[in-house]
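The chain contents come next:
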Amino acid sequence: LKPNPNIECTLTRTTDVFIALSDRAKMANNEKVDAFISIHVNSFKDTSAGTETEYTRTGESEKLARIVQKHLVKATGFQDRGINKYNLAVTRETTMAAALTEPGYLSNPAEELILVSPDFIPCYAEAVARGVCEYLEIQYEAVPSHTNPVTVRIGGLDIEQPGIIIDGRSWVPAKLTLG
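A short tour of the structure in this document, coming up. (Residues numbered from 1 in each chain as written. Predicted model: local features only at pLDDT ≥ 70, side-chain atom pairs only at ≥ 80, totals over all residues. Heavy atoms only, no water.)

Bringing the pairing of strand β1 (residues 35-39) into the picture now. Residues Phe36 and Ser38 of β1 are buried on one face, while the alternating residues Ala35, Ile37 and Ile39, pointing to the opposite face, are not. Of the strand pairs in this sheet, β1 and strand β4 (residues 97-102) are connected by five bridges, and their pairing is parallel. Bridging from a neighbouring strand, Ile39 pairs with Thr101 of β4. (Buried < 20%, exposed > 50% of the residue type's maximum accessible area, 1.4 Å probe, protein only. Helix = DSSP H or I, 4+ residues; strand = E, 2+ residues; numbered from the N terminus. Pairing = 2+ DSSP bridges.)

See the structure below:
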């Protein structure tokens, strides 16, 4: 979002330091931002899979979560776990539209390979940026990335959901190729 001249982007931190969840919400409230996105990564069982987005308040937060989730599913190719209403500090204590994203599961070996890839982060960041721009009704300003969505063809069949190329290998949701 930073290169977009129509958006002023504020980060709660730029280094790997812990800031309490309530303090992150206070920072957003003090800055009087229009939308708040908290980015996390899930971990549970090694069979857990998919991307999801959480919100607390119905209305604008739910709308933001739905839009961002749509872009994340398209970008990651992971199972769509949908949006969920949870009582989370960063989505509860903010005064603006707020959503918390979970791109996938580090506990799932297949998803972990993709999540830790340096090429995944720009792809994921672009999806979040596209979702925020759509929510704010602002034109998305494309930033050149190293990862471009591709259509994957297996045995003469085009996979409907696009895959991505990471480190010269194409990735596509397994459920689409095995189903």
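From this point, things continue past the structure.
Strand pairing in a sheet relies on backbone hydrogen bonds, with the paired strands running either antiparallel or parallel. Strand order across the open sheet formed by four strands is β1-β4-β2-β3, with mixed pairing between neighbours. Two strands close off the open sheet at either side, each with one partner strand: β1 and β3 (80-85). Adjacent strand axes in the sheet meet at a mean angle of 20° when their direction is disregarded. As paired strands, strand β2 (residues 51-55) and β4 are joined by three bridges and run antiparallel to one another. Bridge pairing in β4 links Thr53 to Thr101. (Axes fitted to C-alpha atoms, helices over the stretch in contact; angles between N-to-C directions.)

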